[in-house]
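Observations on the three-dimensional arrangement
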Amino acid sequence: MLSFITKRLLSGILLLVVVMTGTFFLAHLVIGDPSYGLLGASATEAQRAALGAKIGIDRPLTTQFVDWVSHAITGDFGVSWRSFTPIGDQLAQRVPITLSVVFFATLLSAILGVAVGIACGLRPGSVLDRVLKSASVILFALPGFWMALVLVTWFGVQLKWFPTFGYVSPEISVGKWLVSITLPSVSLAIGAIVMIAEQLRNSVIQVNNQDFVRTLRARGLPRGRVTRHVLRNASPAALTILALMFVGLIGGAVVVETIFNLNGIGTWTQSAAQIGDIPALLGLTAISIVFVVVINFLLDLVLGWVNPKVRER
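Conventions adopted
- Residues numbered from 1 in each chain as written.
- Predicted model: local features only at pLDDT ≥ 70, side-chain atom pairs only at ≥ 80, totals over all residues.
- Heavy atoms only, no water.
- UniProt positions renumbered as here; feature names shortened; annotations may be inferred.
- Core = buried A, V, L, I, M, F, W, Y, C linked by side-chain atoms within 4.5 Å.
- Buried < 20%, exposed > 50% of the residue type's maximum accessible area, 1.4 Å probe, protein only.
- Helix = DSSP H or I, 4+ residues; strand = E, 2+ residues; numbered from the N terminus.
- Contact = heavy atoms within 4.5 Å.
- Axes fitted to C-alpha atoms, helices over the stretch in contact; angles between N-to-C directions.
- Parallel < 35°, antiparallel > 145°, perpendicular 65-115°, else oblique.
- Left-handed = near helix turned anticlockwise from the far one by under 90°.

You'll find the protein chain entered in an unreviewed UniProt entry as Peptide/nickel transport system permease protein, with Saccharothrix violaceirubra given as the organism. In its Subcellular location (unreviewed entry) section, the UniProt entry covering the protein chain states "Cell membrane". Per UniProt, the protein chain carries the Sequence similarities (unreviewed entry) text "Belongs to the binding-protein-dependent transport system permease family."

Some details on the nonpolar core
W68, F77, L91 and F260 are the most contacted members of the largest nonpolar core, which has 47 residues in total. If one sorts the elements of this core by residue count, helix α12 (residues 278–306) sits on top with ten residues. With residues up to four places along the chain from it excluded, the contact list for W68 reads M20, F24, F77 and L282. In terms of nonpolar packing, the next biggest core, distinct from the first, is built from nine residues, V213, V226, A234 and A238 among them.

Structural notes on the packing of helix α1 (residues 2–31) against helix α4 (residues 61–72)
Between two packed helices, the angle of one axis relative to the other and the distance separating the axes together describe the packing. Interhelical geometry of α1 versus α4 gives an angle of 140 degrees and a closest axis separation of 11 Å. Here α1 lies oblique to α4, going by the angle between them. Of the two elements, α1 crosses α4, and the hand of that crossing is right-handed. The residues of α4 that touch α1, namely those facing M20, T21, F24, F25 and H28, are L61, Q64, F65 and W68.

This is the structure we're talking about:
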């Protein structure tokens with residue numbers, strides 16, 4: 001087990017190094033001179049040169065990279081080229097907002113998706129199964145931003161059950177925090193619920209038709225024990241989809257945070273990309289990669305516990 005964990009940790013660190021190196025050089029290659037985005041088209045050449053000297057882009061690119069890496073490994077991602085505030089402080093303010101929405105959306109997706117997927121998989125062709133198939137087609141066809149607008153209009157404006165914008169920290173009030181992230185989380189979770197339910201349904205049906213399940217039934221094992229064996233073998237596919245959903249929901253948070261006026265990393269990513277704030281983009285990329293590595297590591301641990309053969313790969 002220790003070897004299994006070590007391999008996963010090393011692969012995660014390698015992924016972080018490769019992606020961050022590529023992101024650094026690609027960002028500088030694509031953006032070129034960020035002073036145009038930071039100062040606007042009306043800035044003079046002297047103003048651009050002064051800004052370039054201040055933020056250090058007049059140095060060779062390799063020197064900038066070595067300087068950035070030497071600080072990044074200590075957790076110092078530099079300062080924003082727009083506000084000149086530390087990237088770490090910005091992340092500390094914005095990451096909890098995005099994670100609150102994404103974690104709650106993932107929790108909703110896991111609970112509802114697994115419950116519906118198991119119910120449909122154990123009773124294929126039932127009314128619930130047919131409803132899921134119809135709902136999956138409809139919900140996949142609907143844009144996420146449209147669902148968010150419908151929820152805001154219905155539950156926020158008309159019924160006034162939830163606030164239409166803004167975020168309340170759990171340090172102020174846990175109840176108001178839950179209320180403030182409910183609509184954004186539901187907006188993100190709807191598509192994920194259907195995907196997880198559909199994936200788990202198909203896995204349960206596939207495992208249910210395998211020879212070892214028929215053997216267990218023929219030996220007279222209680223239905224509950226047979227179902228536990230079926231779910232144990234069908235769960236890896238659903239767990240993989242759930243992990244992928246978590247990563248995908250972080251990307252989808254850009255639209256949801258804009259609609260609900262949440263000051264998370266999604267809206268910051270959008271503004272940083274528009275003006276060429278490379279340190280902000282690198283900090284956001286680093287924290288996103290860390291999330292991906294952690295989630296994949298936890299997924300591998302769970303899959304290794306569910307199926308010991310995974311540890312041998």
